[in-house]
Amino acid sequence: MKFRPCIDIHTGKVKQIVGGSLSDEGEVSENFVSERDADHYARLYAGKGLSGGHVILLDKKGTDAYEQDLDQARLALGAHPGTLQVGGGIDPENAEEFLDMGASHVIVTSYVFSDGKIRYDRIDEMKFVVGRSRLVLDLSVRKRDGRYYVVTDRWQKFTDEELTPSLIRDLSYLCDEFLVHAVNVEGTGTGVDEELLGILAQAKGNPITYAGGIASYDDVETIREIGQSRVDFTVGSALDIFGGALSFDKLAEKG
């Protein structure tokens, strides 16, 4: 288990938000808005020797806000090349551009789903462009009727795909890693989703990074215990560099 840093970008600013509040209208519930550009955080992570973190563009592709996000992503990837993953609006047409900016991997979700189903042909397209070893599948989920379903389009749309250990195992042959946000608790600081962690722990193989709800060092220990030391984690709003109480320096030791 290791700590993966993050840089979330919304309307051209590094932010921490309540994940479930994202919408096409652009209004979100903000926990933290930085006065610093994204490259500041990338250099901070580089100074600690951290890798495998992710840069997420939260605005809708094709909007002015997304273009602002893109400028910030370019700063971050250029400051710490080859060590940060990037996601948000990525498809076969622009994936290589992000790799050229300095991303180690591209993270995709919405592109590989259509009409609520996984499009394996689209995963193959992404693999053709960037290679399996540089592809991360975002399987972020929301809970409905007691089950976890993959959500797309900035976590707004439910798919018909239930997140299960067998689904993760099937997809593990098609990508290098997985990123899973527990959207129901993302940005809330209410604690980790233990049931979801139990599902992730059953899926052995590719690295999996969990995000959502972490508010204390006890939460980090819970991830270690339930995840059987196999599930990596990222911390957003609770981190002191984003206005929270958890020490970045302390967690960076787990990188």
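Now for a description of the structure that goes with this document.

**Topic: the overall build of the protein**
Okay, step 1: A tally of helices and strands in the protein yields 8 helices and 15 strands.
Okay, step 2: Compactness check: the protein gives a C-alpha radius of gyration of 16 Å against a globular reference of 18 Å for 255 residues, within 12% of the reference.
Okay, step 3: If you take every contact in the protein between residues at least 6 apart in sequence, the share linking residues at least 24 apart comes to 65%.
Okay, step 4: About 10,600 Å² of surface is accessible on the protein, with carbon and sulfur atoms providing 42% of the total.
Okay, step 5: Between the centroid of the 28 positive side chains of the protein and the centroid of its 43 negative side chains there is a distance of 4 Å.

**Section: the sheet that holds strand β10 (residues 141-144)**
Okay, step 1: Strand order in the open sheet formed by 3 strands is β10-β11-β12, and the pairing between neighbours is antiparallel. Among the strands making up the open sheet, the edge pair consists of β10 and β12 (157-162). Across the sheet, the mean angle separating the axes of adjacent strands is 50° when strand polarity is ignored.
Okay, step 2: Where strand β11 (residues 147-152) and β12 come together, 3 bridges link them in antiparallel fashion.

**Quick notes on the pattern of salt bridges**
Okay, step 1: Throughout the structure, instances matching the rule amount to 12 salt bridges.
Okay, step 2: One salt bridge in this structure joins E162 and R147, with 3.7 Å as the shortest N-O distance. In this pair, E162 is assigned in strand β12 and R147 in strand β11, connecting sequence segments 15 residues apart.
Okay, step 3: When its relative accessible area of 45% is taken as the criterion, R147 is described as partly exposed.
Okay, step 4: One salt-bridge network, in which partners are shared between bridges, spans R4, E177 and D232.

**Structural notes on the pairing of strand β6 (residues 105-108)**
Okay, step 1: The two faces of β6 match: H105 and I107 on one face and V106 and V108 on the other face are all buried.
Okay, step 2: Bridge count for strand β5 (residues 84-87) against β6 is 3 bridges, and the pairing is parallel. Pairing of V86 across the sheet is with V106, part of β6.
Okay, step 3: The parallel pair β5 and β6 is bridged by helix α3 (residues 95-101), and the resulting crossover is right-handed.
Okay, step 4: Bridging between β6 and strand β9 (residues 135-138) involves 3 bridges; their strand directions are parallel. Bridge assignment links V106 to a residue of β9, and that residue is L135.

**Things to note about the packing of aromatic side chains**
Okay, step 1: Counted according to the given criterion, the structure contains 5 aromatic pairs.
Okay, step 2: Note on F3 and F248: the rings are 6.4 Å apart at their centroids and 70° apart in plane angle, and the pair reads as edge-to-face. With F3 in the segment before β1 (6-10) and F248 in helix α8 (residues 248-252), this pair connects stretches of sequence that are 245 residues apart. Judged on exposure class, the residue F3 and its partner F248 are both buried.
Okay, step 3: Pairwise contacts between aromatic rings join F3, Y45, F233 and F248 into one cluster.
Okay, step 4: Across the ring face of Y111, the terminal group of R122 is positioned such that the distance to the ring centre comes to 4.6 Å.

**Considerations on the sheet that holds strand β15 (residues 231-234)**
Okay, step 1: As summarised here, the arrangement of the 10 strands in space is β3-β2-β1-β4-β5-β6-β9-β13-β14-β15, forming an open sheet in which the pairing is mixed. The outermost strands of the open sheet, each flanked by one partner alone, are β3 (30-33) and β15. Strand-to-strand twist in this sheet, taken as the mean axis angle between neighbours without regard to direction, amounts to 30°.
Okay, step 2: Two elements, strand β13 (residues 177-181) and strand β14 (residues 208-211), share 4 bridges in a ladder whose sense is parallel. The residue of β14 that forms the bridge with H181 is A211.
Okay, step 3: Seen against the sheet, helix α4 (residues 120-130) touches β6 and β9 and runs at an angle of roughly 150° to β9.
Okay, step 4: Set on the sheet, helix α6 (residues 194-202) makes contact with β13, β14 and β15; between it and β14 the angle comes to about 175°.

**Some words on the environment of D115**
Okay, step 1: On the secondary structure map, D115 appears in the loop between β7 (113-114) and β8 (117-118).
Okay, step 2: For the pair D115 and T159, spaced 44 residues apart in sequence, the C-alpha separation works out to 7.5 Å.

**Let's talk about the side chain of T234**
Okay, step 1: Examined against the element boundaries, T234 turns out to sit in strand β15.
Okay, step 2: Among the polar contacts listed, one links the side chain of T234 to the backbone oxygen of R4, at a separation of 2.6 Å.
Okay, step 3: Residues contacting T234, with those up to four places away along its chain left out, are R4, P5, C6, H54, T209, Y210, A211 and I214.

The rules behind these values
Residues numbered from 1 in each chain as written. Predicted model: local features only at pLDDT ≥ 70, side-chain atom pairs only at ≥ 80, totals over all residues. Heavy atoms only, no water. Helix = DSSP H or I, 4+ residues; strand = E, 2+ residues; numbered from the N terminus. Rg over C-alpha atoms; globule rule 2.2 N^0.38 Å. Contact = heavy atoms within 4.5 Å. Areas by Shrake-Rupley, 256 points an atom, 1.4 Å probe, with all protein chains shown as cover. Lys, Arg positive; Asp, Glu negative; His and termini not counted. Charge placed at Lys NZ, Arg CZ, Asp CG, Glu CD. Pairing = 2+ DSSP bridges. Axes fitted to C-alpha atoms, helices over the stretch in contact; angles between N-to-C directions. Salt bridge = Lys/Arg side-chain N within 4 Å of Asp/Glu carboxyl O. Buried < 20%, exposed > 50% of the residue type's maximum accessible area, 1.4 Å probe, protein only. Right-handed = clockwise from strand over helix to strand, strands pointing away. Phe/Tyr/Trp six-rings, centres within 6.5 Å; stacked < 30°, edge-to-face > 60°. Lys NZ or Arg CZ within 6 Å of the ring centre and 35° of its normal. Polar contact = N/O pair within 3.5 Å; in protein donor to acceptor, adjacent residues only side chain to side chain.

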